[in-house]
Amino acid sequence: MDQRCYGKDVPTFTVAGQTIELERDEVERKLERVLPEPLREHYVVVCSRRYPPKQVLSEVTGLDRADFTTHQARRILKRLGFTAARATPEATAPETDGPATAGPFGGRQAEALSGYAGKWVALAGPTDVLVAADTPQEVLRWLAQYERKATGGMFRVPTQPTEAEGVAPR
Amino acid sequence: MRFSFVELPGELRPLVRPVVPVQIEDLDDAPQLCLLDSGATSNRFPAWLADAAGLSLDDALDEDEIVVGGTRTSGRLLQVELTLGAYRFRAPAWFCDPWNLSFGLLGQEGFFRFFRVTFCAAEGWLECEPEEEGIALVSGVP
């Protein structure tokens with residue numbers, strides 16, 4: 001694959017023998033309603049969601065995933081300004097003798113959930129968000145489609161503290 | 001069984017809540033994080049969960065307007081199978097619509113009747129010990 005930029009503003013790439021023009025806005029727009037597939041080793045961040053790089057490039061170009069590698073997809077997406085990183089193993093188990101003010105995970109779980117306010121999420125572990133979606137039905141469909149289990153539970157990340165309270169009237 | 005509280009994003013510091021993952025009927029892909037609400041008499045869940053679990057709300061044992069989190073909502077009562085860890089129990093639950101909360105709610109009749117619960121808010125964990133009656137060990141689970 002050959003990657004080159006022509007012109008001033010629209011990056012152009014050659015992938016699988018095809019020349020494509022791709023802009024960051026276009027990638028974000030096309031992925032707006034697309035849920036990320038399960039992550040393996042690498043991911044890119046698009047609109048606060050982590051996607052497999054090949055899924056992103058395939059979705060926005062229509063190319064077959066067999067026609068390019070993860071590394072190629074990562075390079076293109078990085079050149080468009082997206083953060084690319086390597087997925088790390090799940091965070092360690094909570095330290096139950098830690099300070100209570102930061103929470104049982106030292107604030108790491110709250111941090112991991114901070115981009116999902118108002119979304120339904122399924123967790124594989126305390127800081128491992130498998131999928132996030134606008135509706136619980138989308139989350140259930142995703143879990144069934146990819147045969148994954150939300151071992152850490154499923155819930156809606158609150159937009160305000162009162163949504164995470166009990167039955168008592170305020 | 002010990003469970004960590006959940007940490008949620010908060011403005012100044014994380015919001016920490018006592019929750020457990022409860023499986024509704026056979027919906028084993030997606031156990032629902034539920035808030036342990038000792039002030040609630042019964043379990044309360046969003047109505048979509050009944051659909052997802054294949055429960056018909058037309059078969060409701062009762063129907064009423066109830067208050068959840070200070071909001072009036074329409075609830076329908078069903079007996080449902082719930083699973084926590086290796087333990088399964090059958091309990092009443094109200095399925096409510098609309099539903100504006102983050103978690104299902106576990107109350108006295110539908111949860112604390114089946115488990116003795118110890119909270120340690122200082123360290124952010126809770127423990128559930130099953131009562132002797134009304135609860136079964138799920139086969140195949142150690």
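From a predicted model like this one, the values you see are computed outputs, not experimental measurements.

*Asks:* Explain the overall build of chain A residue by residue, including any values.
*Replies:* Each helix and strand counted, chain A has five helices and nine strands in total. Residue burial in chain A is summarised as follows: out of 170 residues, 34% are buried. Nonlocal contacts in chain A, meaning residues at least 24 apart in sequence, comprise 47% of its contacts between residues at least 6 apart.

*Asks:* Lay out the sheet that holds strand β12 (residues 125-130) of chain B with the relevant residues and their values.
*Replies:* All names here are of chain B. A sheet is described by the order of its strands in space; here three strands give the open sequence β1-β12-β11, paired in antiparallel fashion. Only two strands of the sheet have a single partner each, and these edge strands are β1 (2-4) and β11 (115-120). The average undirected angle you get between the axes of adjacent strands in this sheet is 20 degrees. Sheet analysis places β11 next to β12, joined by six bridges and oriented antiparallel. From the neighbouring strand, C120 faces β12, where its bridge partner is W125.

*Asks:* Before we move on, could you go through the sheet that holds strand β6 (residues 83-86) of chain A and cite the residues and values that matter?
*Replies:* All names here are of chain A. Strand order in the open sheet formed by three strands is β5-β4-β6, and the pairing between neighbours is antiparallel. Strands with a single pairing partner mark the edges of an open sheet, and in this sheet they are β5 (49-51) and β6. Neighbour-to-neighbour, the strand axes of the sheet open up by a mean angle of 35 degrees, direction not taken into account. Each of β4 (42-46), β5 and β6 touches helix α2 (residues 53-61); the most contacted strand, β4, lies at about 50 degrees to it.

*Asks:* Hey, could you go over helix α5 (residues 136-145) of chain A for me, with residue numbers and the actual values?
*Replies:* Given 3.6 residues per turn, any residue in an α-helix points the same way as the ones three and four places further on. For α5(A), the complete set of buried residues consists of P136(A), V139(A), L140(A) and W142(A). The arc that holds every buried residue of α5(A), seen down its axis, measures 160 degrees, which confines them to one face. Of the residues in α5(A), the exposed ones pointing more than 90 degrees away from the buried face are A144(A) and Q145(A). Where α5(A) is buried, its residues touch β7 (120-125), β8 (128-133) and β9 (153-156) of chain A together with α1 (47-52) of chain B. Just downstream of α5(A), E147(A) is the residue with a positive phi angle, here 50 degrees.

*Asks:* Can you break down the environment of E37(A) residue by residue, with the values?
*Replies:* Residues and elements named next belong to chain A. Within the fold, E37 resides in the loop between α1 (24-30) and β4. Judged by local crowding, E37 falls into the partly exposed class, with 16 C-beta atoms found within 10 Å. As for E37 and A85, which are separated by 48 residues in sequence, their C-alpha atoms are 16 Å apart. What E37 contacts, discounting residues up to four positions off in sequence, is P52, Q55 and Y146.

*Asks:* Quick rundown of the confidence of the model for chain B? Include the residues and the values.
*Replies:* It should be kept in mind that the predicted coordinates are not to be read in detail where pLDDT is low. Here chain B averages 92 in pLDDT, while 97% of its residues score no lower than 70. For this predicted complex, the interface score ipTM comes out at 0.91, while the overall pTM is 0.80.

*Asks:* Before we move on, can you summarise the interface of chain B and chain A with the specific residues and values?
*Replies:* Where interface size is given, it is often the accessible area lost as the parts come together that is meant. In this assembly, 39 residues from chain B lie in contact with 41 residues from chain A. Those elements that provide at least two residues to the side of chain B that touches chain A are β2 (6-8), β3 (15-17), β5 (32-36), α1 and β7 (62-68) of chain B.

*Asks:* How would you sum up the domain arrangement of chain A? Please name residues and give values.
*Replies:* Residues and elements named next belong to chain A. What the domain assignment lists for chain A is domain 1 (9-86) and domain 2 (112-159). Here domain 1 and domain 2 have C-alpha centroids that lie 22 Å from each other. Tallying the contact residues gives six residues for domain 1 and eight residues for domain 2. Here the side of domain 1 that touches domain 2 is composed, by residue class, of three nonpolar, one polar and two charged.

*Asks:* I'd like a description of the pairing of β8(A), backed by residues and values.
*Replies:* Residues and elements named next belong to chain A. Counting buried positions along β8 gives five out of six residues, so the element sits mostly inside the fold. Here five bridges tie β7 to β8, and the two strands are oriented antiparallel to one another. Counted as the bridge partner of G125 is D128 from β8. From the end of β7 to the start of β8, which pair antiparallel, there are two residues.

*Asks:* Explain the confidence of the model for chain A residue by residue, including any values.
*Replies:* All names here are of chain A. Confidence along chain A averages 84 in pLDDT terms, with 85% of residues attaining 70 or more. Averaged pLDDT values over the elements of chain A bottom out at 47 in strand β1 (residues 2-4) and peak at 97 in β9. For the stretch residues 1-7, pLDDT sits under 50, and the model shows 13 contacts to residues farther than four places along the chain or on other chains. Residue range residues 91-100 is modelled with pLDDT below 50. Its contacts to residues more than four positions away, or to other chains, number 17 contacts.

Parameters and conventions
Residues numbered from 1 in each chain as written. Chains lettered and ligands numbered in written order. Predicted model: local features only at pLDDT ≥ 70, side-chain atom pairs only at ≥ 80, totals over all residues. Helix = DSSP H or I, 4+ residues; strand = E, 2+ residues; numbered from the N terminus. Buried ≥ 20, exposed ≤ 12 C-beta atoms within 10 Å, placed from the backbone. Contact = placed C-beta atoms within 7 Å. Pairing = 2+ DSSP bridges. Axes fitted to C-alpha atoms, helices over the stretch in contact; angles between N-to-C directions. Arc of directions from axis to C-beta. pLDDT = per-residue confidence, 0-100. Domains from an automatic or database assignment. Nonpolar A, V, L, I, M, F, W, Y, C, P; charged D, E, K, R; others polar.

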